[in-house]
Amino acid sequence: MPIKPRYRRVSALQRQFFNREEMLAIHDEELRGISAEPRVLNVVGVGGIGKSRLLQELRTRTPDTYRTARLDLQLPTLRQQEDALAVLRSELGAQGVKFDRFDIAYAVLWQRVHPQLQLDRKNTPFAEESEVLSKILDDAMGLPIFGTAAGLVRLTGRAVANRQRRHRIESDPTLQELDSLSNADLGHAVTYLFAQDLQRSAEERPYVIHVDAYEAMAPTSLSGGRNLRSDAWLRDLLGQLGGGLTVLASREPLTWAAHDSDWATVIRSILIRGLPMPARLALLAQAGIVDLPRQRSIADASAGVPFYLHLAVDTHLQNPTGSVAAATAEEIVQRFLQHVAPDEVRILELLGVARTFDLDVFRVIGRAFDLPTNLLTWESLTSYSFAYPLPGGWYRLHQLMIGALQQHLSPAVRRHVHAVLRGHWEQLAGRMEAGTEQSGVTRSSPLREAVHHGLHAENISPEEIQRHADRAVLMSGRQAVDGMVKDLRDYLAAATDTDPANAVLPDIRDAADCLEAESKLEIGDSAAAIALTPELDRPVRSVVAARLALAAANARRIAGQSTLAAGIFERVWDEHTGAARTSAGLCVADIRMWQGDFAGAFALATEVHGICAPHERVIRGDLQRLMHLGHRFLMDFDRSAELLAEAEQEYRAAGSVVGLANIRTNRAELLAFTDPEGAVAEATAALDVQRDLGAQHEIGKAYTAMAIAQIRLGQLDRAELSFRNAHTALDRAGYRSGRARADMFRAFLLLRRDEQEAARDLLLHAAQEFEACQVYPSLVLAIHRATERLGLGSPEFAAAAERARPLLRPLGSPEELNRRTEDLLSMFLEVTA
């Protein structure tokens, strides 16, 4: 997001050394200089220099007239936009910030990545903390609520009594646009509304946000901006945070201004040097190390890095009469370990394998290795200077200490610890799924942690990774899977460097590609999914390989390459025998039908229906609905209605909200030909449901059905408006063939208005679009027949019909289809004949 110039220019990097007093003075100066523009104080220093402790001290000394919040990017989950915003919202909300618009937008985003769940107090983030959401849920009295902006804003009107506050929500232009945004743009809008709500609150009380360990998100400052994608959401957020100050700690100065010069007026970087010798000696003396030679030895070995000085103090406290003298930083670490009880050393070594740990993790590891798990040992371990406390009773060890401890573990022991931790996180996930343990939005997905440890234990298969990802989507949303992808990429990069001949790496890479491609498809980024799946002829025997191939095919289908997609679907169906086979069969049947092979599609749909497992009710419903659509396109409306009812039963038994919503759209489409008055009412009901779900393509189809019915009822002006709304939604969804079908029927509206030339052009355009998308040969033939009846025929229509005819394999005889086509065309043409 563009950044406005600040009221004064500050050098992007001041390469000076500051002592503590100067550092605090600069911080206080920045606080006094807070304005409506964003401000970033970049605290720079090597690992162990004390940046984290400095941030804690700065937060502690910030006056109470400021709100404060903290992000620790050492925690994997907080490198994800959704979880990071949730943490900031919780901390700042507890200090009185009203996040009305952000809460609604976040609920929309949450529902978008959890379409199978409805908003309620159990599922919804911030349901208890958000005054707006809690009132909406209370007023709903248990009725289903779907997380779309239109629906939530409508309910807000009844839930919020304050007129000014209600008006601000109802008139917000960003909230009004949310339902039409892609997932990627919705993420940007959520960030924007967070910043807007926070900036509004800053008018009465400014804020300071402390961001620690930036290097964990963007480990290196690469040339050409290659690391800019990993921290894009953070830059987007900080660039909008006017009315406050961000204090960000990193090992290297931020180089954002090299890619966007506006940052140069926003970022003020200060470099922390090692403590000067007098300060080192004073620190050691205050801790009780008064022997001058020992002081000097430790001070020299530490190089002024507080981590090593504090560790020497920890050693002294363990053994006041022993020697803590050392010649190097490594010796300081070893001296400390020599003076700690052996059991504590061992458990510290093992805890270093965990990315974060709490009392439960401590006890799980202790029991697995027959080490003490009592509370006294726990309190002793967590009192050390290198054990950093986190919210909720969690801790992490300093990276320098982890590096030192890991040298003492053999590869076999490390793998065993990872295996123990994998089991612990999987058990936690099971309890959370069963509802016996609650998960806060700030917690890392337990299944992401299970995958991480399974990779390093070398005991998790690509299929298990895929199953964990599917479960994680339900528990923590798509961002948990995106986190898994990052962990997989990091593991692959490290493993490729150390063991490039590792035979399992290609399968792990396939799992990463599959998870990422499916995520890209969910946000509509087919180009990225295509880039992830360049090879289309690889074996598909495993579940991961089959799902990767299906993602590749769906990406190409969206891009209009229907024949190529059909070939991939067919190969997965023919060659794969595992859990992905029913999905592949459904895809094959679906694309066969749209390409005109109704007989083959129905035969395959019946076969797939027969092999569906008992729990695959949604797939069975999809198959029944597919055949309903086929009979409708063949204009066999009675059989179409029967199959629609059967599909509805399957969806209802499965509790499929999306399936039942699509039934309403399909019923409106069917009634447009059998009961136009009923179709208008049904389309109106379908639009209410689909708007709540945010399904643009379904909204377009419902408007098309309404327009078709209104033509038959003679309501031509209303039909024109319905078509206009249909076009908007279908174009927004990128639903090219759906737009062409709407154009085909809009041509009949133009005929009713005696605009024959315009109607002819629109029919030709629709036929050309069907051919380009490689779909609907039956409609191409119907268009040709319509032009013949109207006297508008031309060689172009005849040639299109000749190309379409051999593609069509209807049920029954061609004569029966021709007769039904004549009947359907008569509904629209006889008035003008």
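Residues numbered from 1 in each chain as written. Predicted model: local features only at pLDDT ≥ 70, side-chain atom pairs only at ≥ 80, totals over all residues. Heavy atoms only, no water.

Thoughts on the overall build of the protein
Phase 1: When you go through the protein residue by residue, the secondary structure sums to 39 helices and eight strands.
Phase 2: Pairs at least 24 apart in sequence give 69% of the contacts found in the protein among residues at least 6 apart.
Phase 3: Of the accessible surface of the protein, which amounts to about 34,200 Å², a share of 51% is contributed by carbon and sulfur atoms. (Helix = DSSP H or I, 4+ residues; strand = E, 2+ residues; numbered from the N terminus. Contact = heavy atoms within 4.5 Å. Areas by Shrake-Rupley, 256 points an atom, 1.4 Å probe, with all protein chains shown as cover.)

Details of unusual backbone geometry
Phase 1: Positive phi outside glycine occurs at A213, with the angle close to 65°.
Phase 2: Tracing the backbone through its elements, the reader meets A213 in the loop between β4 (207-212) and α10 (232-238).
Phase 3: Classification of A213 as buried rests on a relative accessible area of 4%.
Phase 4: With a phi close to 60°, Y776 is a non-glycine residue in the positive phi region. (Buried < 20%, exposed > 50% of the residue type's maximum accessible area, 1.4 Å probe, protein only.)

Re the pattern of salt bridges
Phase 1: Under the criterion given, the structure shown has 55 salt bridges.
Phase 2: The salt bridge involving D510 is made with R538; its shortest N-O contact spans 2.7 Å. Of this pair, D510 sits in helix α23 (residues 505-522) while R538 sits in the loop between α24 (526-532) and α25 (543-558); the two residues are 28 residues apart in sequence, bridging distant segments of the chain.
Phase 3: Its relative accessible area of 9% is what places D510 among the buried residues.
Phase 4: According to the relative accessible area criterion, R538 is partly exposed, its value standing at 30%.
Phase 5: The closest approach of N and O atoms between E698 and K701, which form a salt bridge, is 3.3 Å. Here E698 and its partner K701 are both found in helix α33 (residues 696-712), three residues apart, which amounts to about one turn of the helix. (Salt bridge = Lys/Arg side-chain N within 4 Å of Asp/Glu carboxyl O.)

A short note on the environment of A511
Phase 1: Relative to the helices and strands, A511 is located in helix α23.
Phase 2: In the structure, A511 is positioned 32 residues away from V543 in sequence and 9.7 Å away in space, judged by C-alpha atoms.
Phase 3: With residues up to four places along the chain from it excluded, the contact list for A511 reads P462, I465, L488 and V544.

Quick word on the packing of helix α37 (residues 777-790) against helix α38 (residues 795-804)
Phase 1: Contact geometry of α37 with α38 gives a least axis separation of 9 Å together with a crossing angle of 150°. For the element pair α37 and α38, the recorded crossing hand is left-handed. Residues P777, V780, L781, I783, H784 and T787 of α37 form the contact with α38, whose participating residues are F797, A798, A800, A801 and A804.
Phase 2: When grouped by side-chain class, the residues that make up the contact of α37 with α38 number nine nonpolar, two polar and no charged. (Axes fitted to C-alpha atoms, helices over the stretch in contact; angles between N-to-C directions. Left-handed = near helix turned anticlockwise from the far one by under 90°. Nonpolar A, V, L, I, M, F, W, Y, C, P; charged D, E, K, R; others polar.)

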